[in-house]
Amino acid sequence: MTSDSWIALAVLVVMVGVLVLDRVPPVFVLGGAVAALLFTDVIDVDTALSGLSSPAPATIGALYVVAGAATATGAFVGLIDRLLKKRPSVPLLAGSTAALSSFIPNTPLIAMFAPRVVRWAHRSGGSASRLLLPMSFASILGGVVTIIGTSTNLVVSDLLRAAGEDELGMFEITVVGLPVAIVGVIVLTTVGRRILPDRSTSIDPS
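Residues take numbers from 1 onward in each chain, read along the sequence in its written order. At least 70 in pLDDT is required for a residue's local features to be given in this predicted model, at least 80 for side-chain atom pairs to be given and counted, and no such filter applies to totals for whole chains, interfaces and linings, which use all residues. To obtain the side-chain values, all non-hydrogen atoms of the structure were included, while hydrogens and water were left out.

Asks: Summarise helix α6 (residues 90-101); cite the residues concerned and give the values.
Replies: In DSSP terms, a helix is any run of H or I states spanning at least four residues, a strand is any run of E spanning at least two, and both are numbered starting from the N terminus. Given the number of residues in a helix, its expected span is that number minus one, multiplied by 1.5 Å. For α6, with 12 residues, the first-to-last C-alpha span of 16 Å sits near the 16 Å given by 1.5 Å per residue. Between buried and exposed lies partly exposed: a residue is buried under 20% and exposed over 50% of the maximum accessible area for its type, with that area taken using a 1.4 Å probe on protein chains only. Buried within α6 we find V90, L93, A94, S96, T97, A98, L100 and S101.

Asks: So what's going on with the nonpolar core? Which residues, and what values?
Replies: Most often, soluble globular proteins keep nonpolar side chains buried together rather than apart. Grouped together as the largest cluster of nonpolar side chains are 21 residues, with contacts concentrated most on F113, L131 and M135. Elements with a minimum of two residues in this core: α5 (77-83), α6, α7 (106-124) and α8 (129-142). Considering each element in turn, this core owes the most residues, nine residues, to α7. If we ignore the near neighbours within four places in the chain, the residues touching M135 are L93, T97, I110, F113, A114 and V117. Among the nonpolar cores identified, the runner-up in size contains eight residues, and A98, L141, A181 and V185 belong to it. The criterion is simple. A nonpolar core is a set of buried Ala, Val, Leu, Ile, Met, Phe, Trp, Tyr and Cys residues joined through side-chain atoms within 4.5 Å. Any pair of residues with heavy atoms lying within 4.5 Å of one another is described as a contacting pair.

Asks: For a nonpolar patch on the surface, give the residues involved together with the corresponding values.
Replies: A contiguous nonpolar patch, built from M1, W6, L9, L12, V13, V16 and V20 and spanning about 740 Å² of accessible area, is present on the exposed surface. Counting through the fold element by element, L9 comes out in helix α1 (residues 3-21). Put simply, a patch holds well-exposed residues, over 30% relative accessible area, that have no salt bridge, with like charges counted together within 9 Å and Val, Leu, Ile, Met, Phe, Trp or Tyr side chains within 5 Å. To be clear on the numbers: accessible area is Shrake-Rupley with a 1.4 Å probe, and residue cover counts the displayed protein chains and nothing else. Any carboxyl oxygen of Asp or Glu within 4 Å of a side-chain nitrogen of Lys or Arg constitutes a salt bridge here.

Asks: Let's hear about the packing of α1 against helix α2 (residues 26-39): which residues, and what values?
Replies: Helices that pack against each other are described as a pair by the angle of their axes relative to one another and the distance between those axes. Angles run from 0 to 180 degrees between N-to-C directions of axes, and those axes are lines fitted to C-alpha atoms, restricted for helices to the stretch in contact. Between α1 and α2, the least distance of the axes is 10 Å, while the angle of their chain directions is 170°. Between α1 and α2, the crossing angle belongs to the class labelled roughly antiparallel. For the pair formed by α1 and α2, the contact residues are A8, V11, M15, V18 and L19 on the first element and P26, V29, L30, A33, A36 and L37 on the second. Basically, the charged four are Asp, Glu, Lys and Arg, the nonpolar ten are Ala, Val, Leu, Ile, Met, Phe, Trp, Tyr, Cys and Pro, and anything else, Gly included, counts as polar. In the contact of α1 with α2, the residues fall into 11 nonpolar, no polar and no charged. Angular relationships are summarised with four words: roughly parallel below 35 degrees, roughly antiparallel beyond 145, roughly perpendicular across 65 to 115, and oblique for the angles in between.

Asks: Tell me about α7, and name the residues and values.
Replies: Helix length check: α7, at 19 residues, gives a terminal C-alpha distance of 26 Å against a target of 27 Å (1.5 Å per residue), a fit within 8%. Here α7 has its buried residues at N106, P108, L109, I110, M112, F113, A114, V117, V118, W120 and A121. Positioned one or two residues after α7, G125 has a phi angle of 80°, which is positive.

Asks: So what's going on with the packing of α6 against α7? Which residues, and what values?
Replies: Taken N-terminus to C-terminus, the directions of α6 and α7 make an angle of 145°; their axes are 10 Å apart at the nearest point. For the pair α6 and α7, the sense of crossing is right-handed. On the side of α6, the interface is formed by T97, L100 and S101, while α7 contributes N106, L109, I110 and F113. When its residues are assigned to classes, the contact of α6 with α7 shows four nonpolar, three polar and no charged. Should the near helix be turned anticlockwise from the far one by less than a right angle, the crossing is left-handed, and should it be turned clockwise, the crossing is right-handed.

Asks: Give me unusual backbone geometry: which residues, what numbers.
Replies: With phi around 60°, D22 is a residue other than glycine that occupies positive phi space. For D22, the location among the structural elements is in the loop between α1 and α2. A residue is classified by how much of its surface remains accessible, and D22, at 60% relative accessible area, is exposed. Its identity is not glycine, yet D41 carries a phi of approximately 65°, on the positive side. Here D41 shows up in the loop between α2 and α3 (45-48).

Asks: Residue-level account of the pattern of salt bridges, with values.
Replies: This model, assessed by the stated rule, comprises two salt bridges. Here R161 and E167 are joined by a salt bridge, their closest N and O atoms 3.9 Å apart. According to the relative accessible area criterion, E167 is partly exposed, its value standing at 45%. Residues participating in the shared-partner salt-bridge network are D158, R161 and E167.

Below you can see the structure in the form of structure tokens.
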């Protein structure tokens, strides 16, 4: 291995260690790793800044803006309230979450749904964990249905473009992702539901 390889390996190990400790925001950790590689001449300025010229980060940022707008305006509040109006159905909640997650980033979607599920559990004495876990996994499954379902899909598409290949189309992965999502939701709501923990919530919804 060359000296550059050893430096890159050392920076990678330190970066992962700091991320695991979770004491520094990831954006600073990743930025510091890039800066370390730049100042040690392992990479050049063009390589260090190449991510900023990629359309993938801009697209991901735009999706989070849309998700933020949906959260701020309560666009999906009516849907989740209807799902929780009576004793909620795990299949219906997981299926709805997976469907929305195909077009909305997972993190803001769950951030919007989770508090309402916890409040329902607090009022009814039900178990929030039996809903939150399937909902979380369903959002991940929904992310594989379309190219904008998760940021990973956009990054992979951008890497294909950089390699001289055709970019992924909006529904190009649907033929594989949709069956995977459907089977995953079925497993979550049948076998998975039987092994879910039944914990009553102690979180104050106020």
